[in-house]
Amino acid sequence: MKDLSTLQIKVDDPWKNPAENGWDVIDGRTITDNRTLEADVVIIGSGAGGGVSAEILSQSGLKVIVLEAAKLKTSDQFNLDEGEAYRDLYQEGAMRATKDAGMTILQGRAVGGTTVVNWTSSFRTPRETLNFWRDQYAVDGLSREELDPWFAAMEKRLNIEKWLVPPNANNDVLKRGCDALGWHAEAIPRNVSGCWNIGYCGMGCPTNAKLSMLVTTLPGALKSGATLIHSAQADTLIIEGDTVTGVKVHPLKDDKTPNGATLTLKARAVISSGGSMQSPALLLRSGVPDPHGLVGTRTFLHPTNFAYGIYDQEIAPYYGAPQSMYSDEFVFKHGVDGPAGYKLEMMPMHPGLNSALVGGYGETAFEHMQRLPNLAASIALLRDGFHEDNTGGKVELRDNGEPLLDYPVNDYLLEGTKRAHLTQLEMQFAAGAKEVRPGHAHAPYYKSWKEAKAGVANLEYAPTITGLGSAHVMGGLTMGQDDSRCTVNSDGSYKHLNGLYVIDGSVFPTSLGVNPQLTIYGISARNATKLAETLTA
Amino acid sequence: MDQGINRRGFLKLGAAGSALLATGSGLTLLSGCSSNDGPAEGYRYFRQQDVDLLTPLVGAVMGPALAAAGATAADGMKAYDDLLEGAMPGTRATLFQILDLMQLGAARWFLTGTWAHFADQSDEELQQTLADWSAKENGIARMAFKGLTQPMHMAWYVKPEAASTTGYPGPPKRVIA
């Protein structure tokens, strides 16, 4: 693998001078007095749901304000420093975890949301998942046939197509292993244009090749007259009678705490697009009517487990498009609502992430860290939310109003993890690994598939020691026409208040079984278009 | 599942842990080691009692990684402090709650298997403590081990001088156009 540390990247940043572009961008840190702004629509959050909604609603002639808690950071500041990326572009500085520390959560916090730091994998929602939503939650109008035109439109907008460049060595492990075993393996569709194939999607794309919301829909909305307010946190919804009429906002200082001013945003429609955890938390802080106590429940993570393989040849898992091959061999193998199914992918590994996942202590830990150049990291994403033993987590509020996810790791997830570990161990040995270790605090590196099988049979599968993480937070504000189990209608409107809409991944009734960005784009485009029609009628 | 945990047992353990955390925090407040002391000199977030407690532990957890970068346990501790800058106030409050608890000998015994303060243990004793702690079967001890050591690793290896000790050649250079 070529050493990329001498490569120079020089690319124009479209955000260099927003005012020169005619864009109305307000830095919350400069708001020190109390003031009120009005618009047709206020969108809370600028990620996959908020970005798409902002562009569609602005282009239909409505005055839109997009509110974002994160500080504006754009390609000129994306310096590929792993620590700075976690600090500035991730929720809780990448230290977010479930309440009992059983699962770590990588979720974006940026202008552009998680789309700024995701690994670009873009899949249409599986038919099985959408059918399950229709049958179990009476989700209406979101069959695969009805959504396909919306997916096609967003694929065009974001240049989503199958990545035809050869995979990096890390992703080639998945291809070789699956091919050898006769398992499904295919190239991943990615939202990129002119990708440099360097491997820094997770730190903010320095070349603007990744078509995140930061370089597509948000500029599109600003061009159509929208206003972006960043570094300002939505505190509570303003509720008058049975109608939401605006939102109370706290501008934030650099340290993410309120600067003392209050900004009041008033609008005919308020859209919550903060993403899972943030959107349910906003509704909880606001004390919205919730007759069945559903807000925050059924939050899902695609609980993800890991396997680390060591190869004779250099893998350099830090370089090259981070995700380009996947396998759906095991996603629906045991039916839709049986034992946990899982999608197989690879994970890019930079030194910080590698060390946090590989763990350990002392001399052994350092020896493990030094194997990074020859390491391949596979992941299995468990589908959660389809079985009666797996109802996901619940969003709670910390004393200061921040969201916290209580999602105990139970036997259902541990059983699925054990099977997924075995699958990955078999796959990596089939790909030629010399040693493979499952992501488990008590597991050693195994030297053969036979030894691995026997070893895993004797491992204790229990919370915390079993390595689990998530980069996909979904659900918490279940969508569907079944009023006893859902809080949001299929068009995104909140059931118990007028003027409030939820357009983001928190409306999913279950996890998806695929990386979520394209599902969020498609459903958001559909529901934002419907809302634009209503508001302009 | 053959080796599965009993969910009710785990929840009970979780409740016991929360109670312990609450009691521990109360006790540390009474003993004067409260979370209101303010950061230690040279630190943005960690308080002096945290620095005293954790610096020896950082040295033991990071092991030869520190010397390989020409660094000391104090450098690792500073890196840990830097990592906290990205966290939310609530994230830090949870961490401080565990650290307040670990000021108590009884809590250290329950969580790590020894009453001794980390600063009073030799290098060999600390390695033994880590071996015992990481092999513990109680869920709270496991949470504390992961909750404290995982950020230590991440905090250290995101530093360019530490990253290069893993064989990572480093990122391309961003040049402003």
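Because the structure is a prediction, the values reported are computed rather than measured. (Residues numbered from 1 in each chain as written. Chains lettered and ligands numbered in written order. Predicted model: local features only at pLDDT ≥ 70, side-chain atom pairs only at ≥ 80, totals over all residues.)

Trainee: So what exactly am I meant to see when it comes to the overall build of chain A here?
Mentor: The helix and strand inventory of chain A stands at 12 helices and 23 strands. Radius of gyration (C-alpha) of chain A: 22 Å, near the 24 Å computed for a compact globule of 537 residues. Referenced to the eigenvectors of the C-alpha coordinate spread, the extents of chain A come out at roughly 65 × 55 × 45 Å. Each of the 537 residues in chain A was classed as buried or not, and the buried ones make up 63%. For chain A, contacts bridging at least 24 residues in sequence account for 75% of all contacts bridging at least 6. (Helix = DSSP H or I, 4+ residues; strand = E, 2+ residues; numbered from the N terminus. Rg over C-alpha atoms; globule rule 2.2 N^0.38 Å. Buried ≥ 20, exposed ≤ 12 C-beta atoms within 10 Å, placed from the backbone. Contact = placed C-beta atoms within 7 Å.)

Trainee: It is not clear to me how the overall build of chain B should be interpreted in this structure. Could you clarify?
Mentor: Scanning chain B for helices and strands turns up 9 helices and 1 strand. From first element to last, N terminus to C terminus, chain B shows the α and β order α-α-α-α-α-α-α-α-α-β. For chain B, buried positions account for 43% of its 177 residues. Contacts spanning at least 24 positions in sequence make up 58% of the contacts within chain B whose residues lie at least 6 apart.

Trainee: I tried to follow the environment of Lys394(A) on my own but got confused; where do I start?
Mentor: Residue and element names in this part refer to chain A. The residue Lys394 is located in strand S18 (residues 394-397) in this model. Taking the number of C-beta atoms within 10 Å as the measure of exposure, Lys394 has 20 and is therefore buried. Each residue touching Lys394, except ones within four places of it in the same chain, is listed here: Gly296, Thr297, Thr299 and Asp406.

Trainee: Could you clarify how one ought to interpret the interface of chain B and chain A in this entry?
Mentor: Much of the literature gives interface size as the accessible area that the parts lose upon coming together. Counting residues at the interface gives 50 residues for chain B, matched by 59 residues for chain A. At the level of elements, helix H1 (7-30), helix H2 (48-62), helix H3 (64-68), helix H5 (89-101), helix H7 (123-134), helix H8 (139-157) and strand S1 (173-176) of chain B are the ones that each hand at least two residues to the side of chain B that touches chain A. Its residues assigned to classes, the side of chain B that touches chain A shows 26 nonpolar, 17 polar and 7 charged. The sheet contact formed by strand S1 (residues 8-11) of chain A and S1(B) spans 4 bridges and is parallel. (Nonpolar A, V, L, I, M, F, W, Y, C, P; charged D, E, K, R; others polar. Pairing = 2+ DSSP bridges.)

Trainee: Even after reading the chapter, I still don't get the confidence of the model for chain B, so can you show me in this structure?
Mentor: Do not read the predicted coordinates in detail wherever pLDDT is low. Residue and element names in this part refer to chain B. Summary statistics for chain B give a mean pLDDT of 85 and a share of 80% for residues scoring 70 or more. Low pLDDT, under 50, characterises residues 1-16; the predicted model gives this stretch 24 contacts beyond four residues in sequence or across chains. This model gives residues 22-33 a pLDDT under 50, and the stretch forms 17 contacts once residues within four places in sequence are excluded. Per the prediction output, this complex has pTM 0.95; the corresponding ipTM is 0.95. (pLDDT = per-residue confidence, 0-100.)

Trainee: Where do I start with helix H8 (residues 351-358) of chain A in this structure?
Mentor: For an α-helix, the turn length of 3.6 residues means that residues three or four places apart are oriented alike. Buried residues dominate H8(A), accounting for 8 of its 8 residues. Buried within H8(A) we find Pro351(A), Gly352(A), Leu353(A), Asn354(A), Ser355(A), Ala356(A), Leu357(A) and Val358(A). Packing partners of the buried residues in H8(A) comprise helix H2 (82-89), strand S14 (304-310) and helix H9 (362-369) of chain A together with H8 and helix H9 (160-163) of chain B. Where H8(A) ends, the next residue or the one after it, Gly359(A), has phi of about 65°, a positive value.

Trainee: Help me understand the environment of Gly147(B), please; the structure alone is not making it clear to me.
Mentor: Inspection of the secondary structure assignment puts Gly147(B) in helix H8. We classify Gly147(B) as partly exposed; it has 17 C-beta atoms within 10 Å. On a C-alpha basis, the gap between Gly147(B) and Leu84(B) in space is 13 Å, while along the polypeptide they are 63 residues apart. Excluding its chain neighbours within four sequence positions, the residues that come into contact with Gly147(B) are Ala101(A) and Ile98(B).

Trainee: Would you explain the pairing of S14(A) in this entry?
Mentor: Consecutive side chains of a regular strand alternate in pointing toward one face of the sheet and then the other. Residues and elements named next belong to chain A. Most of S14 is tucked away: 6 of the 7 residues are buried. Relative to strand S17 (residues 375-382), S14 is paired through 7 bridges, and the arrangement is antiparallel. Paired with Gly309 across the two strands is Ala376, which belongs to S17. The pairing of S14 with strand S20 (residues 435-438) spans 4 bridges and is antiparallel.

Trainee: Can you help me understand helix H3 (residues 127-137) of chain A in this one?
Mentor: Residues and elements named next belong to chain A. Within H3 the residues assigned to the buried category are Thr129, Leu130, Trp133 and Tyr137. The buried residues of H3 occupy one face: seen down the axis, they fall within an arc of 100°. A positive backbone phi angle near 55° is found at Ala138, which sits one or two residues after H3. (Arc of directions from axis to C-beta.)

Trainee: Help me understand unusual backbone geometry in this model?
Mentor: A negative phi angle is the norm for most residues apart from glycine, just as the trans form is the norm for most peptide bonds. Residues and elements named next belong to chain A. Despite not being glycine, Asn159 has its phi angle at roughly 55°, a positive value. By secondary structure assignment, the location of Asn159 is in the loop between helix H4 (144-157) and strand S6 (160-162). Take Asn159: there are 17 C-beta atoms within 10 Å of it, and that puts it in the partly exposed class. Backbone geometry at Lys256 places phi at a positive 70°, although glycine is not the residue there. Relative to the helices and strands, Lys256 resides in the loop between strand S11 (243-251) and strand S12 (263-272).

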